[in-house]
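Here are the chains, one letter per residue:
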Number of protein chains: 2
Amino acid sequence: MEDSNNQFADAGAPAATNDVEGQAQDEERDPESNSVLHQPLLLKRNTTLSSSPLAMVGAKVSYIESLDYEINENDLFKHDWRSRSQVQVLQYVFLKWALAFLVGLLTGIIATLINLAIENIAGYKLLAVVNYIEKERYLMGFLYFAGANFFLTLVAALLCVFFAPTAAGPGIPEIKAYLNGVDTPNMFGATTLIVKIIGSIGAVSAGLDLGKEGPLVHIGSCIASLLGQGGPDNYRIKWRWLRYFNNDRDRRDLITCGSSSGVCAAFRSPVGGVLFALEEVATWWRSALLWRTFFSTAVVVVVLRAFIEYCKSGNCGLFGQGGLIMFDVSGVSVRYHIVDIIPVAVIGVIGGILGSLYNHLLHKVLRVYSLINEKGKLHKLLLSLSVSIFTSICLYGLPFLASCRPCDPSIPETSCPTTGRMGNFKQFNCPNGQYNDLATLLLTTNDDAVRNIFSTNTVTEFHIFSLTIFFVLYCILGLITFGIAVPSGLFLPIILMGSAYGRMLGMAMGPYTKIDQGLYSVLGAASLMAGSMRMTVSLCVIFLELTNNLLLLPITMLVLLISKTVGDCFNPSIYEIILELKGLPFLDAHPEPWMRNITVGELADVKPPVVTLCGIEKVGRIVDVLKNTTHNGFPVVDEGIMPHVGSPTGATELHGLVLRAHLLLVLKRKWFLQERRRTEEWEVREKFTWVDLAERWGKIDDVAVTKDEMEMYVDLHPITNTTPYTVIESMSAAKAMVLFREVGLRHMIIIPKYQASGACPVVGILTRQDLRAHNILSAFPDLEKSKAKKGH
Amino acid sequence: MEDSNNQFADAGAPAATNDVEGQAQDEERDPESNSVLHQPLLLKRNTTLSSSPLAMVGAKVSYIESLDYEINENDLFKHDWRSRSQVQVLQYVFLKWALAFLVGLLTGIIATLINLAIENIAGYKLLAVVNYIEKERYLMGFLYFAGANFFLTLVAALLCVFFAPTAAGPGIPEIKAYLNGVDTPNMFGATTLIVKIIGSIGAVSAGLDLGKEGPLVHIGSCIASLLGQGGPDNYRIKWRWLRYFNNDRDRRDLITCGSSSGVCAAFRSPVGGVLFALEEVATWWRSALLWRTFFSTAVVVVVLRAFIEYCKSGNCGLFGQGGLIMFDVSGVSVRYHIVDIIPVAVIGVIGGILGSLYNHLLHKVLRVYSLINEKGKLHKLLLSLSVSIFTSICLYGLPFLASCRPCDPSIPETSCPTTGRMGNFKQFNCPNGQYNDLATLLLTTNDDAVRNIFSTNTVTEFHIFSLTIFFVLYCILGLITFGIAVPSGLFLPIILMGSAYGRMLGMAMGPYTKIDQGLYSVLGAASLMAGSMRMTVSLCVIFLELTNNLLLLPITMLVLLISKTVGDCFNPSIYEIILELKGLPFLDAHPEPWMRNITVGELADVKPPVVTLCGIEKVGRIVDVLKNTTHNGFPVVDEGIMPHVGSPTGATELHGLVLRAHLLLVLKRKWFLQERRRTEEWEVREKFTWVDLAERWGKIDDVAVTKDEMEMYVDLHPITNTTPYTVIESMSAAKAMVLFREVGLRHMIIIPKYQASGACPVVGILTRQDLRAHNILSAFPDLEKSKAKKGH
């Protein structure tokens, strides 16, 4: 696993770098450094269009590549496609659905197991602590509590730091980038999956202020990716059927299914899961995919339901009640009128402001953290453990500040006060018949805390003082916990913060409105989510499915729309901020307006000249080119032949584009010709199959070519993609970017407006990085003025 | 309104038709004929790539055009864009949201008014009939019933036949085509809107087997289109701000908002509305649009809620209970277990088979109807009225076949039997204390019939005999009603059929399952919808929001997925069938596999040679070209100028593409030059603004050019789109189609692989019709073999 990010570090001299991917740099410089974070855009301000192949994946600096969604229409592909029988088409369709089913099934099972583990570990931990407190052995209780949390955090952090740095964090930004066309190495491997599962269990059980929702999305995607490639990198099943999925397009679809299954498993929200993938994660979407992701999430829901039925009979330890159905308020009758639109709007506005403030502050904290993390693995570990200890102290210590409150006589004695690990009115340090409202919120799992603060018809339960402490504490924890090296989701911290502020607002507005405080709490959580994550439809559906109450729909919609609008006035969404911070070259849907003022020809001018190959090329030159450039695609040019005459025109014409991986394959298989001649299709088919071409082959240094062979020839025609997408040099960058992004390209060839006799038929090649606004601006700073004038 | 489909009927000699739009044909041939329907593909089987500009829009044969989504990057546009201030950008954004708000508001209000009208008209009609029946004056009752229905149908049909033929039918296929890039004339005008509203009220009140759901989608889209263009065609507000919306891209977004508002208003399903637009209606989609449509549907829901609250106090005549909340089963506790998966799967399979059978039969019926309708307006009218009379006879007469059943004593006397217009146990012709179960289903509005058949905990209410009659009747009515010339939706007929079959299945399975019969009915309706319309996620959410019961979600999902899968084995969805039948050139998302075997160069070869214009062209030639061709875009070629030298290269190069509309504008404004020279940017800006270019100008025959002027010149450079998307001639048709469809083009220029000196820099132009599978197959019949071999 770990070495696969070395595969493009060919340690040569980076000569002409008109292509991002695999730029030769010294991998050993400091692979673990987070240096990306504090030079966020990785740009040297110079006059050439430069770009960096480095980005943060999880907590690891990796060399990123682009994905190839374009169908490589070369002779081999065409032959394979023509020879594909009806049976093979059926195999493909069957496997597509079988994989979607398996993704749902496995995600559902793993999600249940994670919930089971968390509920049991955290449950027994809390029971032991409660026992100490009942005996008034408070110090012992604290030591046990802090010790257990420390140990659990240690396990999670150790795994993440030493075995799979890509498993740290939520993973959603990386998945977003992957589905946008950026390969994120080690992101979807087996090690990452296992570390993510165990790390997530550890981190959530440790009571840290983070959720299992983000990690579940990542877990779903890992499962999808592993299934699609037939197992972990080193132990892949070479099943014939799976070869259909050995391409970036089908893998993208599978991972989309996986991410929506993950969201569905996190919130038990099948429609919400599909919409989340559609609205937030996926870049390319089509109706057929809607249906397939929906199938996956349906399977997840059935699995979760089956497990819950099974656990109801008490076979699952402390599970049973906890875990999945988090905030069911279907039993509550919700009443509101048109006038309630005012408090709802207020919630929305404040949520938007707080959300964007959270984004702003988290950005700053992550930059500071990157300085700490950069210093090495030990520092990463220490940071995580410090946060754990701080969390433990606050969670255990702060409830002592709250005064005991008598139970409402109308509530049955069995539910107030409670001493178990769950329940809404925790006795903690209070005498019988009284409860500690802050302990109810703090000395419990995060899921239970949310359930308690969402509880309806409990107007007098919480004191404003306790809520304020809770809110402030979770604001601090929410900011300091996210960046540590454990698997962490952003949903739950934001829900916790939002629910607290919502409930506080509800108390303040109490006399003027009929809306229940629990409902305010739900709306507060929704507004903060929208204010920070800027999703609308998917959040709305997730909240709908979480609260299980359709009457909430109109006001939830209103809150979400207002919060998002307000938030958008200040800064981009938290995922966009993280993407930017990690240096992942995400390609936006819309070109910047000023990109109309520059043509692709001008972009090509500031890049090093393009390196082309001849249709029948000397082996020596191929080796040379591969060694001295880092490009991943080379235009293949041919001598023009007069149509109907057959004599050379004296000019060159573009035959197509050949990929580095395919050239390496040719060198490795030594498919060389003694003389300079065109080959027949069968000749190449004897040597390679289409399946071979789908693999990504290692690096040029692995290939040994003898001196004699250097003088031989290779016929590039059969392996050349004869129909690359091209643009004329006078096309504006804006329109070129629309084409690049809508069709999902990796290389875009620029052809001259008029080709003078004997001149090169290719002006240049553009890749993802060349079309990113930041990179263009660094080469053409004068464009910035028009940008500043116009705004975005 | 009516004359706007004449605008491209320039009645000249159609010389070279390499372009679909505005092909000159004799409009007066028979504008009302439905001849499209029985030569469905409008193809002459010849060796040139021909295509027809005719299609059925509503019930009218119209000349269709393509829409221009590409940004026309000519000098004027660039100048306008550069001079756009921050304030103007804000104006645009504000107006975008204001229009989305207004679309929601007006759709909500009109939907309420329609419901109000239908409930009252149908309600008073039914009350009068019930009065006659109580007095046992059965014949009088029938005459009143049939007479009222006849009159209401007559109103609807008269309006549709004589004033707005485009208002007939559901409108959804045409909207789908519009959003795919096919302009459907008169589809979104004010007359259409008014006729659709009144016609829909008439047709639904007349008790015909059709719904208001489809028409509401069309109404929403009409409102959106009218708002976007500032009013009806002849009385448009010339508000400066609205000029930003005078382009096909923004209009497309608005109409998407409108269609989702319509679905939302029909089912009170905001999320379902958005998803319906996403899954079924829209072709291009992006996250920003998701948010805006969601905003519109949120407004609709708020409006509907406000009206319902208002009507609760009894101010709305017979409204009050009826109308919107159709199938609320939130009060019912739904119980089911894993074993219930078997009956659910059975429902799904049967629903899929019945749904595809319905599609198949409806297709046949529509073809027969087209033969009748072709004969003229009177025949259309007679057909509608015959269906109305048949419906009246069945609805009134069939209940007499059912035997009276005694009321269950456990049901309070007030609700069994009932004599009013609503209620579940209609007394009809029965003695007191008994009810007629068939009258409960037939002698009521369609909405109430659905509510009654969905009713839960009424196991013994319906006799299997009555349900069978109901099912068979509605199968017949569902087939014969849809094609008549009134506004009609497909949702309700399918729901009625499906609910009947579901309930029958429920009765058959009764002993083996715990699922309630009402629930079976709901699932039956869902399965038939999925089997016929082939939607999944949106239907699921619509049913979720209709039934207001989240517990139904997993089994609804299962049923929908099974039904769709089964249905897809037999035929395409009903909307696709209708699109095909209407001859609308819908461009699918995916190219057919065999399209990889043909290049765009080969396609261009079977088309007439492309007509190019020079950069500075003689007026005479422009007039000539416009008169003798029907192309809407012409490549502009220039003499090549050596870079850095300035002397001509002797070759021509492609400057860009100029649109017919812009050429007409130049001729109309007489912007001619005495000598052959390049103009300055300010010269053209004195004559035209970007706003002028956005208008679509009439026809060439309206332009008078004197003989002297014919000898003058026009500088086409400033009005030429300098960055059209181009493909090289060796590109496969499949990849070209992906580009065409993903980027949303109207014209795609084919450039030669190698341009010989002095040769034309353009090989051809491809349009939407040239890339449609049927058209390609008609020119290259040998491709069909590979198609037959591979399947689809």
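Just so it is clear, the model here is predicted, and its values are computed rather than measured.

Caption draft 1: Representation of the overall build of chain A in the model. Within chain A, the regular secondary structure consists of 28 helices and 14 strands. Taking all 792 residues of chain A together, the buried fraction comes to 57%. If you take every contact in chain A between residues at least 6 apart in sequence, the share linking residues at least 24 apart comes to 78%.

Caption draft 2: View of the nonpolar core. Formed by 462 residues in total, the largest nonpolar core has its most connected members in A:Cys160 and B:Cys160. Setting aside anything within four residues of it in sequence, one finds B:Cys160 in contact with B:Ala59, B:Pro165, B:Ala167, B:Ala168, B:Val195, B:Gly199, B:Ala485, B:Val486 and B:Pro487.

Caption draft 3: Looking closely at the environment of B:Val274. Structurally, B:Val274 is set in helix H8 (residues 270–281). B:Val274 has contacts with A:Val537, B:Ser260, B:Leu290, B:Thr293, B:Phe294 and B:Thr297, leaving out every residue within four places of it along the chain.

Caption draft 4: Representation of the relation of the copies chain B and chain A within the structure. Turning chain B through 180° and shifting it by 0.1 Å along the axis lays it on chain A, with an RMSD of 0.1 Å. Both chain copies can therefore be described as sitting about a two-fold axis. Considering only C-alpha atoms, the part of chain B nearest the rotation axis is B:Glu742, at 2.9 Å. An overlap of 100% is found between the interface residues of chain B and their copies at the interface of chain A, pointing to a shared contact surface.

Caption draft 5: Local environment of the sheet that holds strand S12 (residues 726–728) of chain B. Residue and element names in this part refer to chain B. Taking strand neighbours across the sheet as the criterion, the 3 strands line up as S12-S13-S14 in an open arrangement whose pairing is mixed. On the outer flanks of this sheet lie S12 and strand S14 (764–766), each paired with one strand and no other. Adjacent strand axes in the sheet meet at a mean angle of 35°, parallel and antiparallel pairs treated alike. Relative to strand S13 (residues 748–751), S12 runs parallel, the two sharing 3 bridges. For Val 727, the partnering residue across the bridge sits in S13 and is Ile 750.

Caption draft 6: Structural context of the sheet that holds strand S13 (residues 748–751) of chain A. Residue and element names in this part refer to chain A. The strand order S12-S13-S14 describes an open sheet built from 3 strands, whose pairing is mixed. Two strands lie at the open edges of the sheet, namely strand S12 (726–728) and strand S14 (764–766), each paired on one side alone. The average undirected angle you get between the axes of adjacent strands in this sheet is 35°.

Caption draft 7: The packing of helix H7 (residues 248–267) of chain A against helix H8 (residues 270–281) of chain A, seen in detail. Residue and element names in this part refer to chain A. Orientation of H7 relative to H8, taken along the N-to-C sense of each, is 130°, at an axis distance of 7 Å. Taken as axis vectors, H7 and H8 run oblique relative to one another. Relative to H8, the crossing made by H7 is right-handed. Of H8, the residues touching H7 (which contributes Thr 256, Ser 259, Ser 260, Ser 261, Val 263, Cys 264 and Phe 267) are Pro 270, Gly 272, Gly 273, Val 274, Phe 276, Ala 277 and Val 281.

Caption draft 8: Seen up close, the UniProt feature "transmembrane region" (unreviewed entry) in chain A. All names here are of chain A. When the UniProt feature table is mapped onto this chain numbering, "transmembrane region" (unreviewed entry) sits at residues 92–118, 138–164, 289–308, 341–361, 381–402, 464–497 and 550–567. Within the segment residues 138–164, helix and strand shares are 96% and 0% respectively, and the terminal C-alpha atoms sit 37 Å apart. With 100% helix and 0% strand, the stretch residues 289–308 has end C-alpha atoms that lie 29 Å from each other.

Caption draft 9: Broad picture of the interface of chain B and chain A. Each side of the interface is counted separately: chain B has 58 residues, and chain A has 58 residues. Looking at the side of chain B that touches chain A, the element that brings in the most residues is helix H9 (residues 287–315) of chain B, giving 10 residues. Tallied by class, the residues present in the side of chain B that touches chain A amount to 33 nonpolar, 13 polar and 12 charged.

Caption draft 10: Molecular detail of the pairing of strand S1 (residues 54–57) of chain B. Residues and elements named next belong to chain B. Along S1, one buried face is formed by Leu 54 and Met 56 and the opposite face, lined by Ala 55 and Val 57, is buried too. As judged from the 4 bridges shared by S1 and strand S2 (residues 60–63), these two strands associate in the antiparallel manner. Along S2, the bridge assignment pairs Ala 55 with Ser 62. Connecting the antiparallel pair S1 and S2 is a turn made up of 2 residues, with Gly 58 showing a positive phi of about 60°.

Caption draft 11: Summary view of the pairing of S13(B). Residues and elements named next belong to chain B. Going residue by residue along S13, you find Met 748 and Ile 750 tucked away on one face and Ile 749 and Ile 751 tucked away on the opposite face as well. Read as a crossover between parallel neighbours, the route from S12 over helix H26 (residues 733–743) to S13 is right-handed. Here 3 bridges tie S13 to S14, and the two strands are oriented antiparallel to one another. Across the sheet, the residue bridging to Ile 750 is Gly 764, located in S14.

Caption draft 12: The packing of helix H18 (residues 553–568) of chain A against H9(B), seen in detail. For the pair H18(A) and H9(B), the least separation of the axes is 10 Å and the interaxial angle reads 140°. When the interaxial angle is binned, H18(A) and H9(B) end up oblique. When the axes of H18(A) and H9(B) are compared, the crossing they make is left-handed. Between H18(A) and H9(B), the contacting residues are A:Pro554, A:Met557, A:Leu558 and A:Leu561 on the first element and B:Phe294, B:Phe295, B:Ala298, B:Val301, B:Val302 and B:Arg305 on the second. Class assignment of the residues belonging to the contact of H18(A) with H9(B) gives a composition of 9 nonpolar, no polar and 1 charged.

Caption draft 13: Here's a closer look at the environment of B:Ser259. Residues and elements named next belong to chain B. Relative to the helices and strands, Ser 259 resides in helix H7 (residues 248–267). Judged by the 33 C-beta atoms lying within 10 Å of it, Ser 259 is buried. Residues Ser 259 and His 218, spaced 41 residues apart in sequence, show a C-alpha to C-alpha distance of 6.6 Å.

Caption draft 14: Layout of the environment of B:Arg534. Residue and element names in this part refer to chain B. Mapped onto the elements of the fold, Arg 534 is located in the loop between helix H16 (517–533) and helix H17 (537–547). For the pair Arg 534 and Pro 572, spaced 38 residues apart in the sequence, the C-alpha separation amounts to 8.2 Å. Residues in contact with Arg 534, not counting those within four places in the same chain, are Lys 564, Gly 567, Asp 568 and Ser 573.

Caption draft 15: Representation of helix H3 (residues 138–163) of chain A within the structure. For H3(A), which comprises 26 residues, the first-to-last C-alpha distance of 37 Å matches the rise-based estimate of 38 Å (1.5 Å per residue) to within 8%. By the burial criterion, the buried members of H3(A) are A:Gly141, A:Phe145, A:Ala148, A:Asn149, A:Leu152, A:Thr153, A:Ala156, A:Ala157, A:Leu159, A:Cys160 and A:Val161.

Caption draft 16: Expanded view of the confidence of the model for chain A. Residue and element names in this part refer to chain A. Mean pLDDT over chain A: 82, with 88% of residues reaching 70 or higher. Considering only residues more than four positions removed or in separate chains, one finds that residues 1–47, a stretch of pLDDT under 50, has 115 contacts. A low-confidence stretch, residues 787–792 (pLDDT under 50), is modelled with 8 contacts involving residues beyond four sequence positions or located in other chains. The ipTM assigned to the predicted complex is 0.82, against a pTM of 0.86.

Caption draft 17: Spotlight on unusual backbone geometry. Residue and element names in this part refer to chain A. For Glu 136, which is not glycine, the phi dihedral falls at a positive 60°. Structurally, the position occupied by Glu 136 is in the loop between helix H2 (86–134) and H3. You will see that Asn 186, though not glycine, has its phi angle at about 65°, which is positive. When you line up the elements, Asn 186 lands in the loop between strand S4 (182–183) and helix H5 (190–205).

The rules we used
- Residues numbered from 1 in each chain as written.
- Chains lettered and ligands numbered in written order.
- Predicted model: local features only at pLDDT ≥ 70, side-chain atom pairs only at ≥ 80, totals over all residues.
- Helix = DSSP H or I, 4+ residues; strand = E, 2+ residues; numbered from the N terminus.
- Buried ≥ 20, exposed ≤ 12 C-beta atoms within 10 Å, placed from the backbone.
- Contact = placed C-beta atoms within 7 Å.
- Core = buried A, V, L, I, M, F, W, Y, C linked by C-beta atoms within 7 Å.
- Least-squares fit on C-alpha atoms with pLDDT ≥ 70 in both.
- Pairing = 2+ DSSP bridges.
- Axes fitted to C-alpha atoms, helices over the stretch in contact; angles between N-to-C directions.
- Parallel < 35°, antiparallel > 145°, perpendicular 65-115°, else oblique.
- Left-handed = near helix turned anticlockwise from the far one by under 90°.
- UniProt positions renumbered as here; feature names shortened; annotations may be inferred.
- Nonpolar A, V, L, I, M, F, W, Y, C, P; charged D, E, K, R; others polar.
- Right-handed = clockwise from strand over helix to strand, strands pointing away.
- Expected span 1.5 Å × (residues − 1).
- pLDDT = per-residue confidence, 0-100.

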